[in-house]
Amino acid sequence: MYSVTPDPLEMRGDSVSVVISGTVPPKSIKAKSVVTFQPYLKTAEGKEIALKSITIKGNKATVDADATLDAKLGGKLSYSDKIPYTADMKRVKLFPRFTYNGNNIPVSDTIMVEGTITTASLVQFKDEVYMMGDNYKPELTSKSVSIYFPMDVAKFNPAFKQGKLVDNKKQIAELKNTLKKDPNWIIKGISINATASPDGELDRNNNLSKGRSESTFAFFKKELKKLGFSQANDSNFAMGYMLAEDWAGFATELSNSNLADKDAMIAVINDKSLSDDEREAKLRADYQASWKKATETILPKLRRSELVVLGSKPFKTEADLMNFYGKYDQLSNDELYHLAIISSDETKKEEALVAYNSRNASEWKGLNELAALKIKQGKLADAGQLLNSAAAISPKNGKVLANQGAVARANGDLAAAERLYNEALSAGENTYYNLGVFAVKKGNYALAVSLFQKSNKTDFNTALASLLNGDANGAKVAIDNMNPDNLSWEHYYLRAIAGARMNNQDVLTTNLARAVSMNGKVRNMAKDDMEFFRFFKNPLFEAAIR
């Protein structure tokens, strides 16, 4: 009696393993006899593939042997071998062969196992190229000036002037000149950081600050319209403001002043145990002369609003950018790079990337992007050179390493590819998916499932790994949850295999029929696929591949 595992045989990695467990009955072998067991495979074309031999002897035989059996009691034997898989082993048959004391023992055509499951060969190398991408959007900038208010006055007066340092007219002219220099600048809104000097009650000063913000916004909204910035008419054009008494500004101005009591006054300002009202009262009472001087020289400068006009540089939409092929000198670096990224025409994409790289010789991302394009085109030598240049600029860059792995894999150097994917992973790049494919190729299905889960991807390969790891229902569910518009014949074929493994005839036949309808070659493929061997004579199976 014997059993063979697996049954049918199974390609795992690049090999097929055979394990045979047998029981030798009592008194079926003589004490001095020597038996050689050497099973062999026979292909559909009649080719024989010899497996290793083992020698079994009775307990009184004097030769060396792999196993010894008691002639009276018999015993158990175990045999295993592993051989490289070849394409002609798909419908192979396993036969036994014995010699007894040097003579062949006739054995009837006993087929121990028939066929080899090759489902693992369906794994698809998908070397995903790794690109930098960009964050192309309007870049917010600001243009600002300070404007001033008389004490206890909330309404903005564009003509207000006090001494040499407080001059609203001068400040307004400065802002207008700044805005006129860049007429294409797109205004988004106004932000006002309004302050009041620290002399007076807090509630009153807060109301002053708010009033100054609103008054300033109304004035400058009109001025922006006059300057031709139509965005000020937009209902979304808004004001943001911050209200505060400017104690910090007061302390700074005191520090820069010549007031005799400035150090003591700054100490009062920084005393956190005092409220704002208590702080002001103490300054007034203890340092009367310095306080009076401060109200004349310092506090007027604190009754101000910082007017910040928010906007963005002129922004070209993607539709606009499409009009600049060949006119790259008219684009900024960000615009040129984004044009290259969004280009669907490979010739134009390459042209834009070459222009970008010639302008930015010290950057790696354009080189990496162009290398990714070359990988897709199958121009591996060009891709390799570009990636070497990128690696020289940015050593241990995860994206560059991953793309070097893709080049190595496409060139057939799987060891180098796996090493580079692992290096990219150590550098912070998510190469779990690529490494998962390698795990399937090696026959390490549990590891493959784990790696695919970490990749956060779900596709044919991830479903295949689940099935190979013994979870046929999980593979089916994974495909069930995919977008039906993205399913290929391979997906339906794999779901049919899952149905066969679950002994679900309906899942098997409906999906197999769909796969055949999408690819006629599946008909002959299924006829020889040992995943379906239990259904070969089933009329519904035959109908599905008809």
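Just above, that's the structure.
Description of the structure in this document. Every chain begins its residue count from 1, and numbering advances along the sequence as written. Side-chain atom pairs in this predicted model are given and counted only at pLDDT of 80 or more, local residue features only at pLDDT of at least 70, and totals for whole chains, interfaces and linings cover all residues. With hydrogens and water set aside, each side-chain value is computed from the structure's full complement of heavy atoms.

Taken together, the four strands give an open sheet; going across it, the order is E6-E5-E10-E13, and neighbouring strands pair in antiparallel fashion. Two strands lie at the open edges of the sheet, namely strand E6 (48-50) and strand E13 (113-114), each paired on one side alone. As paired elements, strand E5 (residues 40-42) and strand E10 (residues 93-95) share three bridges and run antiparallel to each other. Along E10, the bridge assignment pairs Leu41 with Leu94. Being paired, for any two strands, means DSSP has found at least two bridges between them. Under the DSSP-based scheme used, a helix requires at least four consecutive residues in state H or I and a strand at least two consecutive residues in state E, with every element numbered from the N terminus.

Note that patches include only residues with greater than 30% relative accessible area and no salt bridge, and the join distances are 9 Å for like charges and 5 Å for nonpolar side chains (Val, Leu, Ile, Met, Phe, Trp, Tyr). Areas reported as accessible are Shrake-Rupley estimates using a 1.4 Å probe. Residue values count occlusion only from the protein chains shown. One speaks of a salt bridge when a side-chain nitrogen belonging to Lys or Arg is within 4 Å of a carboxyl oxygen belonging to Asp or Glu. Residues scored as charged are limited to Lys and Arg (positive) and Asp and Glu (negative), so that His and the chain ends carry no count. By convention, charge coordinates are those of NZ in Lys, CZ in Arg, CG in Asp, or CD in Glu. On the surface, a cluster of positive charge is made up of Lys27, Lys32, Lys60 and Lys72. For Lys60, the position within the fold is in the loop between strand E7 (54-58) and strand E8 (67-69). Burial classes follow relative accessibility: with a 1.4 Å probe on protein chains only, a residue under 20% of its type's maximum area counts as buried, one over 50% as exposed, and anything between as partly exposed. Taking the relative accessible area as the measure of exposure, Lys60 reaches 56% and is therefore exposed.

So, on to the nonpolar core. Judged by nonpolar contacts, the single largest core of 89 residues is most densely connected at Tyr328, Val440, Tyr493, Leu512, Phe532 and Phe541. Examining the composition of this core, we find that eight residues originate from one element, helix H19 (residues 489-501), more than from any other. Two residues qualify as a contact provided that any one of their heavy atoms is within 4.5 Å of a heavy atom in the partner residue. If sequence neighbours within four positions are ignored, Leu512 has contacts with Tyr493, Ala496, Val522, Ala526, Phe532, Phe541, Ala544 and Ile545. Listed in part, the 23 residues of the second largest apolar core include Val4, Val18, Val35 and Leu51. For the purposes of this section, nonpolar cores are sets of buried Ala, Val, Leu, Ile, Met, Phe, Trp, Tyr and Cys residues that join through side-chain atoms within 4.5 Å.

Between helix H17 (residues 460-468) and H19, the least distance of the axes is 11 Å, while the angle of their chain directions is 15°. Between H17 and H19, the angle is such that the two are roughly parallel. The handedness of the crossing between H17 and H19 comes out as left-handed. Seen from H17, the contacting residues are Phe460, Ala463, Leu464, Leu467 and Leu468; seen from H19, they are Glu490, His491, Leu494, Ile497, Ala498 and Arg501. Residue composition of the contact of H17 with H19, grouped by class: eight nonpolar, one polar and two charged. Axis angles are defined between N-to-C directions and span 0 to 180 degrees, where every axis is a line fitted to C-alpha atoms and, for a helix, only to the segment in contact. Note that the term roughly parallel is reserved for angles under 35 degrees, roughly antiparallel for angles over 145, roughly perpendicular for angles of 65 to 115, and oblique for everything else. A clockwise turn of the near helix away from the far one marks a right-handed crossing, whereas an anticlockwise turn of less than a right angle marks a left-handed crossing. Note on residue classes: Ala, Val, Leu, Ile, Met, Phe, Trp, Tyr, Cys and Pro are nonpolar, Asp, Glu, Lys and Arg are charged, and everything else, Gly too, is polar.

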